[in-house]
There are 2 protein chains.
Amino acid sequence: MNPDARDPRGLERLFRPRSVAVVGASATPGKLGHVLLRNLIEGGFEGPLYPINRKEPEVLGLRAYPSLLDVEGDIDLIVVAVPAGAVLQVIDEAAAKGVGAAIVVSGGFREAGNAEGERQLVARARAAGIRLVGPNCQGLLYTPSRLNATWPVTRGVGPIAVVSQSGTVAAAVAGWAASDGIGVSAALALGNKTDVNEGEAIDFLASDGRTKAIAVYSEGLGDGAAFMDYLRRATAKVHVVLLRGGRTPVGHAAAQTHTKSLAGSYEVFASLAEAAGAVVVGSLEELYDATKALATLPRPAGNRVCIVTSSGGAGVLATDAGYEAGLALARLDEAAMADLRSRLPSYCSVRNPMDLTGDATAELYEVVLRRTASDPGVDAFLVIFGDPIAGAADMVRRMRAETAKPIAVAFLGGGEVEGRELGEFAAAGLPVYPSPERAMRALGYLRRAAGT
Amino acid sequence: MNPDARDPRGLERLFRPRSVAVVGASATPGKLGHVLLRNLIEGGFEGPLYPINRKEPEVLGLRAYPSLLDVEGDIDLIVVAVPAGAVLQVIDEAAAKGVGAAIVVSGGFREAGNAEGERQLVARARAAGIRLVGPNCQGLLYTPSRLNATWPVTRGVGPIAVVSQSGTVAAAVAGWAASDGIGVSAALALGNKTDVNEGEAIDFLASDGRTKAIAVYSEGLGDGAAFMDYLRRATAKVHVVLLRGGRTPVGHAAAQTHTKSLAGSYEVFASLAEAAGAVVVGSLEELYDATKALATLPRPAGNRVCIVTSSGGAGVLATDAGYEAGLALARLDEAAMADLRSRLPSYCSVRNPMDLTGDATAELYEVVLRRTASDPGVDAFLVIFGDPIAGAADMVRRMRAETAKPIAVAFLGGGEVEGRELGEFAAAGLPVYPSPERAMRALGYLRRAAGT
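Residues numbered from 1 in each chain as written. Chains lettered and ligands numbered in written order. Predicted model: local features only at pLDDT ≥ 70, side-chain atom pairs only at ≥ 80, totals over all residues. Heavy atoms only, no water.

A.B. asks: What am I meant to see in the overall build of chain A here?
C.D. replies: Within chain A, the regular secondary structure consists of 16 helices and 19 strands. The C-alpha radius of gyration computed for chain A amounts to 25 Å, which stays within 12% of the reference 22 Å derived for 452 residues, consistent with globular compactness. Seen through its principal axes, chain A has C-alpha atoms that stretch 80 × 45 × 40 Å. Buried residues in chain A amount to 63% of all 452 residues. (Helix = DSSP H or I, 4+ residues; strand = E, 2+ residues; numbered from the N terminus. Rg over C-alpha atoms; globule rule 2.2 N^0.38 Å. Buried < 20%, exposed > 50% of the residue type's maximum accessible area, 1.4 Å probe, protein only.)

Rendered as structure tokens:
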């Protein structure tokens, strides 16, 4: 049992290990035991890394050991990628070695009909006080520790965490966050989640000082009441967005064959989770879009949005999406509009949506945003760049420094200029959405989050 | 009036002009008259290009003319980017010159309160037999003619056409199609659509021999019955996907201030359009996703989908999305499954979804697809690559040559390998979606299209 009062659940040695062993480390490219060790090295883990391989004296340039018991130093975390039949012995050796946590990547347990093997695995780990992630999981990325015990390698440190039964969902969210220049704190894939579960994971991440919003993908929660308690605690500190796989009858059946999770009524789950402060979404892209917004944008005081666009059509589409998301078009201050009518070119449409037309420049957007930023009738901005508008990212960066109101951005139809500007937005860590509807819905997620 | 019986509406000189004049061509970078001429040059238009500029003898290296009447040769198409007050005189000169079609990019007409100016513009063009696109529009890209009379420059020739009141919607669809390696035949932005409208445009494109699916964005149809007639004719030859801006009360109001379109009941419009064979969608990304699927994938004979995935979680999400889209999980042939169980690694889950797990290789996918391609219980495939799976694009290319059933592809969570593979998919013009739900919905659009 873990005796540390500051870390009663022993998750510290999982997320911030001082040393890591890869059991089943392989010199053969393509094997998981190779990929995992290589990614830990490429990810820049700074403590000792111990490849465990019965035959090889060296793997990927590191001294290898026949078993955990042959390692001289202490081992906080083991990452296990040996066949299912060999995992129990590894856990026994880990127990003898005083290992704190094990990520069991290996499949071949409950999901493959081997419930008894899984039961034994869990019992032995628990008896030894070893916290267990998996089995049948894709591991853990924790960027504050430079711990890349998963695949693929994801670069970029940021405020988004993802906790997921599915490794692909975790990797997709982490990959999108990296491409967007926003980055992640954690990507944790729980697999069969026999021990460490969503509740404990979000509890740890909500307090790590790095994470601002957590995306959770789950196919069913074992102890729903305990999860809701964790969720309430977490949403007092950070935002949590939830996606439940198996919402529909056939999806539910598919989830049961996948990780054998017990899924209760989706409607009950969703309403309880929303009551506990989470934002519940219905697709993988929404999971990412919402988490991105909540991790990077301030929360609006109300639901009144001012749309500033170079495209009337995109403004119309955003208006439709806003209506469906429970947002309203702000009624703009008459004096500000009169002032803008005198300062903007005559072809601009000074109302809401504010249509600067295809002749718009970043400077025109800035004139409008600066003049309306303090309008008490406006809670949030949706800025749509629907043309090749150079300087867009710089302008948004300046305006974000001048207003506490959220500015959601969509960029589309901008050709090569758009490509360059998206690079600038990413370099500055500013969120951008590829369509007017997704950007507007981002403001909707901000409104739905706890505390607004 | 156009006397050609093969082109009774005179659209030939719009889409396939032998010569183009840019009225208001400017040597000043950033001005629309500069951008339009430069894009026509960069787009590789092969006929004579005539810059019209009252002062300059040369613009962008081309001899310029003070007016249309000073050009010696015939002019099929003019692109007009002068202030609204100067447009009428341009049309009069075009009439005297025998011009066939005019794209009036200039704003400052009905959308700016100048209904009388617009009325006069239309009357004079009609009297002269000049077909009119716009005013207040973003022009036309028609790749079979290498005609890039719009912005930004879009490269890539392909089977998708987009006809849109909004220039940004047209440019976004064209840009996404180019990035995906699929490409467009046409991107036509209608603006105030005083003359050439959605109906005539889809009628022309449906018969051009280049276009397989047309995306239409409209904020309201003047003569709805005439449009539905055009739509029925078009969907007998190609697929048409429709997005109506202003579906909601506030969106409707925004659309009216934008292009002053008269929008009837959305529900009536949507049901009439579906009855006429179109697929009606509710967002810009859906407009593109559906058009992409319909332009590149064969139509399935039924709604029974076989999911092959490396990610159980992504398979669950796809199953949920399929249920919501009216698709069913195929019941796979028992003999084929028994055969696959003997040939696949034991950790693979041989059912539907077929979960090859994170160890999956392109070769494993190919074994499964080849064995199930002829299963009479399967109408379509959803292939999800949820890991760094090299060779995915090559495998899909081979399988597409072997089966007439549609294969929708999602790729996510694949890190650098995914980036390389997406390049391979694009180079081969194979459609890929970024999430399991969007790929599954793509199969749903195929089912909803006329004739399935």
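Let's pick the thread back up.
A.B. asks: So what exactly am I meant to see when it comes to the interface of chain A and chain B here?
C.D. replies: By a widely used convention, the size of an interface equals the accessible area lost when the partners come together. In this assembly, 59 residues from chain A lie in contact with 59 residues from chain B. Summing both partners gives a buried area of about 4100 Å² for chain A against chain B, and 62% of it is carried by carbon and sulfur. Looking at the side of chain A facing chain B, the largest losses of area belong to Thr 168, Val 316 and Asp 320 of chain A, adding up to 13% of the total buried there. Here chain A is connected to chain B by six salt bridges. Taken together, chain A and chain B are joined by 20 residue pairs in polar contact (both at pLDDT 80 or more). For the side of chain A that touches chain B, the elements supplying multiple residues, two or more each, are helix H5 (167–179), strand E13 (239–244), helix H8 (249–259), helix H10 (284–296), helix H11 (312–324), helix H15 (415–427) and helix H16 (436–448) of chain A. Here the side of chain A that touches chain B gets nine residues from one element, more than from any other, and that element is H11 of chain A. Each residue belonging to the side of chain A that touches chain B can be placed in one class, and the counts come to 23 nonpolar, 21 polar and 15 charged. (Contact = heavy atoms within 4.5 Å. Buried area = accessible area lost by both parts, 1.4 Å probe. Salt bridge = Lys/Arg side-chain N within 4 Å of Asp/Glu carboxyl O. Polar contact = N/O pair within 3.5 Å; in protein donor to acceptor, adjacent residues only side chain to side chain. Nonpolar A, V, L, I, M, F, W, Y, C, P; charged D, E, K, R; others polar.)

A.B. asks: Sorry if this is basic, but what is going on with the relation of the copies chain A and chain B here?
C.D. replies: Rotating chain A by 180° and moving it 0.0 Å along the rotation axis overlays it on chain B with an RMSD of 0.0 Å. Such a turn and shift between the copies fits a two-fold axis. For chain A, the residue whose C-alpha comes nearest the rotation axis is Glu 285 of chain A, separated from it by 5.9 Å. (Least-squares fit on C-alpha atoms with pLDDT ≥ 70 in both.)

A.B. asks: Help me out: how do you make sense of the pattern of salt bridges in this one?
C.D. replies: If charged atoms from side chains of opposite charge come close, those side chains can pair. What the rule picks out here adds up to 60 salt bridges over all chains. Its salt-bridge partner being Glu 198 of chain A, residue Lys 193 of chain A comes within 2.5 Å of it at the nearest N-O pair. In this pair, the class of Lys 193 of chain A matches that of Glu 198 of chain A, namely buried. Close ionic contact of Glu 285 of chain A with Arg 438 of chain B constitutes a salt bridge, the shortest N to O distance being 2.8 Å. Here Glu 285 of chain A, found in helix H10, pairs with Arg 438 of chain B, found in helix H16 (residues 436–448), and the two come from separate chains. Neither residue differs from the other here; Glu 285 of chain A and Arg 438 of chain B are each classed as buried. Look at the salt bridges and you will find they share partners, linking Glu 285, Asp 289 and Arg 438 of chain A together with Glu 285, Asp 289 and Arg 438 of chain B into a network.

A.B. asks: I keep staring at the packing of aromatic side chains and nothing clicks. Help me out?
C.D. replies: By convention here, two paired aromatic rings are described through the distance between centres and the angle between planes. All names here are of chain A. Taken as a whole and judged by the stated rule, the model has 20 aromatic pairs over all chains. Judged by centre distance (6.5 Å) and plane angle (80°), the rings of Phe 411 and Phe 425 are edge-to-face. Of this pair, Phe 411 sits in strand E19 (residues 407–411) while Phe 425 sits in helix H15, placing them 14 residues apart in sequence. Sitting above the plane of the Phe 269 ring, Arg 244 keeps its charged end 5.1 Å from the centroid. We note Arg 247 situated over the ring of Tyr 266; from NZ or CZ to the ring centre the distance is 6.0 Å. (Phe/Tyr/Trp six-rings, centres within 6.5 Å; stacked < 30°, edge-to-face > 60°. Lys NZ or Arg CZ within 6 Å of the ring centre and 35° of its normal.)

A.B. asks: Help me understand the side chain of Ser 166 of chain A in this model?
C.D. replies: With respect to the helices and strands, the residue Ser 166 of chain A is situated in the loop between strand E10 (157–164) and H5. Note on Ser 166 of chain A: relative accessible area 2%, which makes it buried. A distance of 3.1 Å separates a polar atom in the side chain of Ser 166 of chain A from the backbone nitrogen of Val 169 of chain A. Apart from the residues within four sequence positions on either side, Ser 166 of chain A is in contact with Ala 189 and Tyr 217 of chain A together with Ser 311, Gly 313 and Ala 314 of chain B.

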